[in-house]
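# Descriptive structure summary
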Protein chains: 2
Amino acid sequence: MDGIDKVILGELVRDGRVSFRDLAERVRLSPTATAERVRKLQESGVISGFRAEVDMTALGRPLKAFIDVRLRPGPDHAELEAALLTLPAVLSGVHVTGRWDYTLTVACRDVAELDELVMALPRSYGVVETNTRLLLRELAGSGAEAVTRLLG
Amino acid sequence: MDGIDKVILGELVRDGRVSFRDLAERVRLSPTATAERVRKLQESGVISGFRAEVDMTALGRPLKAFIDVRLRPGPDHAELEAALLTLPAVLSGVHVTGRWDYTLTVACRDVAELDELVMALPRSYGVVETNTRLLLRELAGSGAEAVTRLLG
DNA sequence: CCTGAAACGTTGGATAA
DNA sequence: TTATCCAACGTTTCAGG
């Protein structure tokens, strides 16, 4: 990971579909050498994948929320986790320390759907308590800019 | 957004660098028609971008945490927000409802760096209270799978 | 939405630093 | 080892239907 790799990484976070030719021009290397560096970044796990970023609002799911959940004690957390991830509107989930066991990120069509989801949780998934926080705004610069900054 | 667009979206979330030729084969369309659909998905905002996904652990920042913060009242939240996003280790931030104003996601080199960050917050950024939760595990299937599921 | 052809981008082998 | 050049090959884009 030298300075050139850092520039490559920054560019690929900004535009994951940039051609090796343009990337090479940016770092003043040949396309071949550039492609090889990208391959190694993937092989070493620094780049874990390339993804299209989907706007949930444009897909009719403008209401995002964090749902913190606490599960009933027991040895069946693996099954409960899997069940949580199949719920409608659930985008992702994280096991965290503290008062809550998990924080789910959800994207709902409207408040009715969110209400339904929050009401359904304690009924069927071993959830004993929830706390819902609406996402009002994602701060600008989240994501691409952050990686560039962390790389120095 | 017909069924073909949904398949295209799913494939592009799985592999953002797949060629139009392979994508076309998958949906049994010509590469030209496929590329045109992708272009329209971008133009309509459904696809907001293509990004390389970076593994913070492979970059020497294995310790992820949510830091919930409450800011002092005042009209200067815009500046404070900008300042928060320039902090070392901060990946992203979200303005949320509830007891806390923001939830920051951070990736630290070690607990010492996390401690330093949490101690620094109330000193210089208008932060009056924080709550830190370590990310123990991101549940499998977060991301790509979720989009496919939400598309039906 | 398709075809076909031109423009463009990627890959691999030989080679040099 | 790491990068380069160049030519073969694959991919994307554009015009015309």
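It should be emphasised that the depicted structure is a prediction, and the values quoted were computed from it without experimental measurement.

Thresholds, definitions, all that
- Once a new chain begins, its residue numbering starts again from 1 and follows that chain's sequence as written.
- Naming scheme: in the order in which they are written, chains are lettered from A and ligands are numbered from 1.
- Residues qualify for local features only when their pLDDT is at least 70, as the model is predicted, and side-chain atom pairs are given and counted only at 80 or more; totals for whole chains, interfaces and linings, by contrast, use all residues.
- Note that the side-chain values use all heavy atoms of the structure and ignore hydrogens as well as water.
- To get an axis, a line is fitted to the C-alpha atoms, and for a helix only the part in contact is used. The angle between two axes follows their N-to-C directions and goes from 0 to 180 degrees.
- By definition, any uninterrupted DSSP run of H or I lasting at least four residues is a helix, any uninterrupted run of E lasting at least two residues is a strand, and each is numbered from the N terminus.
- Just so you know how the angles are binned, under 35 degrees is roughly parallel, over 145 roughly antiparallel, 65 to 115 roughly perpendicular, and the rest oblique.
- We call a crossing left-handed when the near helix sits turned anticlockwise from the far one by less than a right angle, and right-handed when that turn is clockwise.
- Two residues form a contact once any of their heavy atoms are found within 4.5 Å.
- To estimate the expected span of a helix, count its residues, drop one, and scale the result by 1.5 Å.
- Note on classification: 1.4 Å probe, protein chains only; a residue is buried when its accessible area is under 20% of the maximum for its type, exposed when over 50%, partly exposed between these limits.
- For the purposes of these results, a polar contact is taken to be a pair of N or O atoms within 3.5 Å, where, inside protein, one atom must be able to donate a hydrogen and its partner to accept one; residues adjacent in sequence count only when each atom of the pair is a side-chain atom.
- Basic side-chain nitrogens of Lys or Arg form a salt bridge, by our definition, when they fall within 4 Å of a carboxyl oxygen of Asp or Glu.
- Here, a strand pair is defined by DSSP locating no fewer than two bridges between the strands.
- A molecule or strand has a residue near it when one of that residue's heavy atoms lies within 4 Å.
- Under the scheme applied, nonpolar residues are Ala, Val, Leu, Ile, Met, Phe, Trp, Tyr, Cys and Pro; charged residues are Asp, Glu, Lys and Arg; polar residues are all the others, including Gly.

## Re the packing of helix α1 (residues 3–14) of chain B against helix α2 (residues 20–27) of chain B
Between two packed helices, what matters for the description is the angle formed by their axes and the separation of those axes. Residues and elements named next belong to chain B. Axis separation between α1 and α2 bottoms out at 10 Å; the angle between their running directions is 135°. Viewed along their axes, α1 and α2 adopt a mutual orientation that is oblique. The two elements α1 and α2 meet at a crossing, and its hand is right-handed. Taken together, the residues of α2 that come into contact with α1 (itself represented by I4, V7, I8, E11 and L12) are L23, R26 and V27.

## A look at α1 of chain B
The first and last C-alpha atoms of α1 of chain B sit 17 Å apart over 12 residues, in line with the 16 Å expected at 1.5 Å per residue. Taken together, the buried positions of α1 of chain B are D5, I8, L9, G10, E11, L12 and V13 of chain B. Close packing links the buried residues of α1 of chain B with β1 (47–54) of chain A together with α2, α3 (31–43), β1 (47–54) and α6 (144–151) of chain B. The residue sitting at the N-terminus of α1 of chain B and contributing the capping side-chain oxygen is D2 of chain B; that oxygen lies 3.2 Å from the backbone nitrogen of I4 of chain B.

## Some words on the interface of chain B and chain A
Each partner contributes residues to the interface: chain B has 60 residues there, and chain A has 59 residues. The interface formed by chain B and chain A contains six salt bridges. Counting across the chain B and chain A interface gives 39 residue pairs in polar contact (both at pLDDT 80 or more). Contributions of two or more residues to the side of chain B that touches chain A are made by α1, β1, β2 (63–71), β3 (90–96), β4 (102–108), β5 (127–138) and α6 of chain B. Looking at chain direction, strand β3 (residues 90–96) of chain A and β5 of chain B are connected through three bridges and run antiparallel. When the bridges of β5 of chain B are listed, H95 of chain A appears paired with R137 of chain B.

## Observations regarding the protein's contact with DNA strand C
Close to DNA strand C lie S19, F20, R21 and T32 of chain A together with L29, S30, T32, A33 and R37 of chain B. Of what DNA strand C places within 4 Å of the protein, 75% of the atoms are sugar or phosphate. Between a phosphate oxygen of DNA strand C and a side-chain N or O atom of R37 of chain B, the distance comes to 3.0 Å. Looking at the surface near DNA strand C, the elements that each hand over two or more residues are α2 (20–27) of chain A together with α3 of chain B. By residue number, the principal contributor to the surface near DNA strand C is α3 of chain B, which donates three residues. Its residues assigned to classes, the surface near DNA strand C shows three nonpolar, four polar and two charged.

## What about the sheet that holds β2 of chain B?
What the eight strands build is a closed barrel, ordered β2(A)-β4(A)-β3(A)-β5(B)-β2(B)-β4(B)-β3(B)-β5(A); its pairing is antiparallel. Taken pair by pair, the neighbouring strands of this sheet meet at an average axis angle of 35°, ignoring direction. Examined bridge by bridge, β2 of chain B and β5 of chain B share seven bridges and lie antiparallel to one another. Directly across from R70 of chain B, in β5 of chain B, lies its bridge partner E129 of chain B. Here helix α5 (residues 111–124) of chain A sits on the sheet and contacts β2 (63–71), β4 (102–108) and β5 (127–138) of chain A; the angle it forms with β2 of chain A, its principal contact strand, is near 10°. Here helix α4 (residues 77–84) of chain B sits on the sheet and contacts β5 of chain A together with β2, β3, β4 and β5 of chain B; the angle it forms with β4 of chain B, its principal contact strand, is near 20°.

## Brief notes about the pattern of salt bridges
All names here are of chain A. Scanning all chains against the criterion turns up 34 salt bridges over all chains. In this structure, E43 and R39 form a salt bridge, with 3.0 Å as the shortest nitrogen-oxygen distance. With E43 and R39 both in helix α3 (residues 31–43) and four residues apart, the pair spans about one turn of that helix. What makes R39 partly exposed here is its relative accessible area of 37%.

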